[in-house]
Amino acid sequence: MSQDKATQPRYTDSGIRIEPVYSVWNGTRTLPGEFPYTRGVRRDMYLGRLWTMRQYAGFSTAEASNERYHYLLKQGTMGLSVAFDLPTQIGFDSDHPFAEGEVGKVGVSICSLRDMEVLFKGIRLEDITTSMTINATASILLCMYIALAKKQGADLSKISGTIQNDILKEYAARGTYIYPVGPSMRLITDIFEYCSRELPKWNTISISGYHIREAGSTAAQELAFTLANGKAYVEAALSRGLDINVFGKRLSFFFNAHNNFFEEVAKFRAARKIWAEYMQAAGATDPQAMMLRFHTQTGGSTLTAQQPENNIVRVSLQALAAVLGGTQSLHTNGYDEALSLPTEKAAGIALRTQQIIAFESGVTDTTDPLAGSFFVENLTDAIEKEALRLMQVIDDMGGAAKSIESGWMQQQIADASYRYQQAVERGEKKIVGVNSFRTETNTDTPVFRIDDSIRLSQTVHLDQLRSERNAQKAEQALRNVEECAKGDGNLIPHILEAVENDCTLGEIADAMRNVFGLYNG
């Protein structure tokens, strides 16, 4: 949206003029786009540019996922979000014995650069932004993306997107880790360093509270633990000698949006304030390095298999909270995701939900429309206070990594989850269609099933790849990865070399496993 459109007057359906921003709170003039950015990271927010509407997709084979991507792009999706299957997430090729039964099930199977080429067939990487939900093998998938961009003749300085690359939350809440904490943090800072030179527009990490919340945390815990993990990454980068005003601009966050509408709005507003003040104290002087930018996904754990159509309403409320909280990017879940991967119909409804909020609701006609609400402002302050209290506890323990290694963070999440479940079972917390307003009618919601034969076809592709590649170059590239891992050089150029010589994801991950070992927390 042009700046001219951002400054054009807007009106309600009754003809009442809407100001672009309402700016007095407790007698103090506060504006979006000004430190500490509680009200938003830009002065005009959605008046100038809407959030990126993403739909999380990836299943089965690269061919099948590519078809879904083209469908979503035709429906108006602005950016793609790639889900990878579990073998890909933990560094196993599809033909590995550990991959049996999981190939293509919760995401797309990507074993090589050839798979990545098929995944984005007919899609120019310069023309889209791509978010990849990948952590332990983020370095390998990023290198595959870079290699594909190079093959397309793209200008790497124009390539934009995000890799999740947040390993601390894997130890705390999700479990798709490979290496011990030290080597994992090294890979992350290697990515920071490499991208600051070669991919200046790439967001090198999406520090994720989403999975912390999905594991059962409260909103305040999600905020505190996510920002504590963010501090750990900043400190690791600073210890490498990286410039906070450079890498700070490429940090992004990933939050959950649950059903308690106003608490979620307040959480997002408090997050910006806490992070800006931390980054300033850590030495950032560039405003862009102090701004917390975030992607939001609606709450998967709030979806119910009972009366699944009710999930459309839940997702709508959650998406609206994210928008009123100032998100930069949003994914809305399909109503059927408590039953299976989303069908094409469910994905379409999820995208239309965002478009209705953007173009029909009127909430984008002024910046931070809930600012000045006594409730919202006090709730923002209260969540900030509780999050800072928890972050201080973590600091006193020696930081996020120490709190995870001791099991403290995991226990806090587990305790909150247990308290919530008790409240549901006692009926104190009402879930429509689950413990209240139940019906005996069976639902016939269509579900999306993945064929187990995918593993066989992927194995054929891998056999073909290994027979056609230059075996000597592939072996040398893997040796280079292993040798670099033994030292302290940046691994990314060597991983990229291996990818471009048709080494597989599993082979590259194994080269590092041979040196780093496995995390056994």
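Residues numbered from 1 in each chain as written. Predicted model: local features only at pLDDT ≥ 70, side-chain atom pairs only at ≥ 80, totals over all residues. Heavy atoms only, no water.

(A) Representation of unusual backbone geometry. Backbone torsion omega between Phe35 and Pro36 reads 5°, so that peptide bond is classified as cis. Phi at Gln307 is positive, roughly 45°, even though this residue is not glycine. Structurally, the position occupied by Gln307 is in the loop between strand E12 (294–298) and helix H13 (310–324). (Helix = DSSP H or I, 4+ residues; strand = E, 2+ residues; numbered from the N terminus.)

(B) Helix H9 (residues 219–239), seen in detail. End to end, H9 covers 30 Å across 21 residues, agreeing with the expected 30 Å (1.5 Å per residue, within 8%). Within H9, 18 of the 21 residues are buried, which leaves it mostly tucked inside the rest of the structure. (Expected span 1.5 Å × (residues − 1). Buried < 20%, exposed > 50% of the residue type's maximum accessible area, 1.4 Å probe, protein only.)

(C) A look at the nonpolar core. The biggest cluster of nonpolar side chains holds 134 residues, and the ones touching the most others in it are Phe120, Ile495 and Met512. Every residue in contact with Ile495, bar those within four places of it in the chain, is listed here: Ser139, Ile140, Cys143, Leu187, Val481, Ile508 and Met512. (Core = buried A, V, L, I, M, F, W, Y, C linked by side-chain atoms within 4.5 Å. Contact = heavy atoms within 4.5 Å.)

(D) How the structure looks around the state of the cysteines. Taken as a whole and assessed by the stated rule, the structure comprises 0 disulfides. No disulfide involves Cys484; its sulfur sits 11 Å from the nearest other cysteine sulfur, which is in Cys143. With no disulfide of its own, Cys503 lies 12 Å from the sulfur of Cys143, the closest cysteine sulfur. With a relative accessible area of 1%, Cys503 lands in the buried category. (Disulfide = S-S within 2.5 Å.)

(E) Structural detail: the pattern of salt bridges. Using the criterion set out here, one finds 30 salt bridges in the structure. The shortest N-O distance in the salt bridge between Arg17 and Glu19 comes to 4.0 Å. For Arg17, a relative accessible area of 46% gives the class partly exposed. The exposure class of Glu19 is partly exposed, given its relative accessible area of 35%. Measuring nitrogen to oxygen at the nearest pair gives 3.8 Å for the salt bridge that ties Arg42 to Asp44. (Salt bridge = Lys/Arg side-chain N within 4 Å of Asp/Glu carboxyl O.)

(F) Structural detail: the pairing of strand E8 (residues 160–163). By the alternation rule, side chains of E8 split into Ser160 and Thr162 and Gly161 and Ile163, which are all buried. A crossover connection joins strand E7 (residues 129–133) to the parallel E8 through helix H5 (residues 138–151); in handedness this β-α-β unit is right-handed. Bridge count for E8 against strand E9 (residues 202–203) is 2 bridges, and the pairing is parallel. Its bridge partner being in E9, Gly161 is matched across the sheet by Trp202. (Right-handed = clockwise from strand over helix to strand, strands pointing away. Pairing = 2+ DSSP bridges.)

(G) Structural view of the packing of aromatic side chains. Applying the stated criterion across every chain, the model contains 21 aromatic pairs. A centroid spacing of 4.9 Å and a plane angle of 80° characterise the contact between Tyr177 and Tyr519, whose relative ring orientation is edge-to-face. Of the two residues, Tyr177 is situated in the loop between helix H6 (168–174) and helix H7 (181–198) and Tyr519 in the segment after helix H21 (505–516); the sequence distance between them amounts to 342 residues. Residue classification places Tyr177 among the partly exposed positions, given a relative accessible area of 25%. Residue classification places Tyr519 among the buried positions, given a relative accessible area of 17%. Taken together, a centroid distance of 4.9 Å and an interplanar angle of 5° make the contact between Tyr210 and Phe254 stacked. Within this pair, whereas Tyr210 is found in helix H8 (residues 210–214), its partner Phe254 is found in strand E11 (residues 251–257), the two being separated by 44 residues in sequence. On the accessibility criterion, Phe254 (4% relative accessible area) is buried. Pairwise contacts between aromatic rings join Phe253, Phe255, Phe268, Trp275, Tyr278 and Phe294 into one cluster. The ring of Phe92 carries the charged tip of Arg513 above its face, separated from the ring centre by 4.5 Å. (Phe/Tyr/Trp six-rings, centres within 6.5 Å; stacked < 30°, edge-to-face > 60°. Lys NZ or Arg CZ within 6 Å of the ring centre and 35° of its normal.)

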